[in-house]
Amino acid sequence: DFGSGPRPIEGFKGVDIAPGVTDFTFDLVSGKKFPWPDNSVDAAHSSHFIEHVKNDYIWCEDDEGKMTIYKDALFYFFDEVYRVLKPGATFTVIWPALQNSRAFQDLTHRRFMPPQMIAYLSIEGRKQMGVDHYNVKCDFIGTVQPTIMQHESIRSAEVQTQRYLELWGVAQD
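Rules of the game
- Residues numbered from 1 in each chain as written.
- Predicted model: local features only at pLDDT ≥ 70, side-chain atom pairs only at ≥ 80, totals over all residues.
- Heavy atoms only, no water.
- Helix = DSSP H or I, 4+ residues; strand = E, 2+ residues; numbered from the N terminus.
- Buried < 20%, exposed > 50% of the residue type's maximum accessible area, 1.4 Å probe, protein only.
- Expected span 1.5 Å × (residues − 1).
- Contact = heavy atoms within 4.5 Å.
- Polar contact = N/O pair within 3.5 Å; in protein donor to acceptor, adjacent residues only side chain to side chain.
- Pairing = 2+ DSSP bridges.
- Patch = residues over 30% accessible without salt bridge, like charges linked within 9 Å, V, L, I, M, F, W, Y side chains within 5 Å.
- Areas by Shrake-Rupley, 256 points an atom, 1.4 Å probe, with all protein chains shown as cover.
- Salt bridge = Lys/Arg side-chain N within 4 Å of Asp/Glu carboxyl O.
- Phe/Tyr/Trp six-rings, centres within 6.5 Å; stacked < 30°, edge-to-face > 60°.

A. Local environment of the environment of Gly 125. Inspection of the secondary structure assignment puts Gly 125 in helix α3 (residues 123-129). With relative accessibility at 10%, the residue Gly 125 sits in the buried group. Note: C-alpha distance between Gly 125 and Asp 139 (14 residues apart in sequence) is 9.0 Å.

The following block contains the structure:
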């Protein structure tokens, strides 16, 4: 559970920069390779971490351990998660919806991301947008499932989705 703080989700080992509060202490945006081998992690989770990643470029380790790669800190994070995941593994990422005031109320948030940003995390998405020259290796394939405020009268997913599209100000993380 990347960026878990002291409460990783059940069934996952926690990873956080704060020493002594979780299973692994590691700076997930240090630019250094994550301390797990390629293709070694069965599943990953990250809840309310990516919005805290500094909105800047960082120097990252190459395959020889030298800090020679300069890339966006969030792309670095996703590239490293992708590197350590086994083929076919799942990665669940949760972040505040742009339409929710929680995205902006926390002064430690550095990024505000619409759900469409996940297109940048796949090779095909980057090709379609004409940004396949970006220094990004990850190739996640996935969907965004926005959560909206529930009401007794809203029972079907279709109705909830329609309300989300019409009343974007009610989105939750």
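Past the structure itself, the notes keep going.
B. Quick look at helix α1 (residues 73-84). Between its first and last C-alpha, α1 extends 17 Å over 12 residues, near the 16 Å set by a 1.5 Å rise per residue. For α1, a buried count of 11 out of 12 residues is recorded, marking the element as mostly surrounded by other parts of the structure. Among all positions of α1, only Ala 73, Leu 74, Phe 75, Tyr 76, Phe 77, Phe 78, Asp 79, Glu 80, Val 81, Arg 83 and Val 84 are buried. Here the buried face of α1 lies against β3 (41-47), β4 (57-61), β5 (67-72) and β6 (85-94). Among the residues of α1, the N-terminal cap falls to Asp 72, whose side-chain oxygen and the backbone nitrogen of Leu 74 are separated by 2.9 Å.

C. Structural detail: the environment of Thr 143. Mapped onto the elements, Thr 143 comes out in the loop between α3 and β7 (147-148). Separated by 25 residues in sequence, Thr 143 and Ile 118 place their C-alpha atoms 7.9 Å apart.

D. Geometry of the pairing of β4. In the sheet, β4 pairs with β5 via five bridges, with the strands oriented antiparallel. If you follow Glu 61 over to β5, its bridge partner there is Met 67.

E. View of unusual backbone geometry. Positive phi, normally seen in glycine, also occurs at Asn 39, with a value near 55 degrees. Phi is positive for His 48, close to 55 degrees, though the residue is something other than glycine. The exposure class of His 48 is partly exposed, given its relative accessible area of 24%.

F. Seen up close, the side chain of Glu 51. Secondary-structure assignment places Glu 51 in the loop between β3 and β4. In this structure the side chain of Glu 51 is engaged in a polar contact, spanning 3.2 Å, whose partner is the side chain of His 48. With residues up to four places along the chain from it excluded, the contact list for Glu 51 reads Ile 94, Trp 95, Pro 96, Thr 108, His 109, Arg 110, Arg 111 and Met 113.

G. View of a nonpolar patch on the surface. A contiguous nonpolar patch, built from Tyr 57, Trp 59, Met 67 and Tyr 70 and spanning about 460 Å² of accessible area, is present on the exposed surface. Within the residue set of the nonpolar patch, elements represented by two or more residues are β4 and β5. Among the structural elements, Met 67 can be located in strand β5.

H. Structural context of the packing of aromatic side chains. For the coordinates displayed, the defined rule picks out 20 aromatic pairs. Measuring from ring centre to ring centre gives 5.1 Å for Phe 49 and Phe 77, while their planes differ by 55 degrees; the resulting arrangement is tilted. Taken together, the residues span a long stretch of sequence, with Phe 49 in the loop between β3 and β4 and Phe 77 in helix α1 at a distance of 28 residues. What makes Phe 77 buried here is its relative accessible area of 0%. Ring centres 5.2 Å apart and planes at 80 degrees place the aromatic pair Tyr 82 and Phe 140 in the edge-to-face group. Remark: Phe 140 occurs in the loop between α3 and β7 and Tyr 82 occurs in helix α1; sequence separation between them is 58 residues. On the accessibility criterion, Phe 140 (17% relative accessible area) is buried. Ring pairs connect the aromatic residues Phe 2, Phe 24, Phe 26, Phe 34, Trp 36, Phe 49, Tyr 76, Phe 77, Phe 78, Tyr 82, Phe 91 and Phe 140, which therefore count as one cluster.

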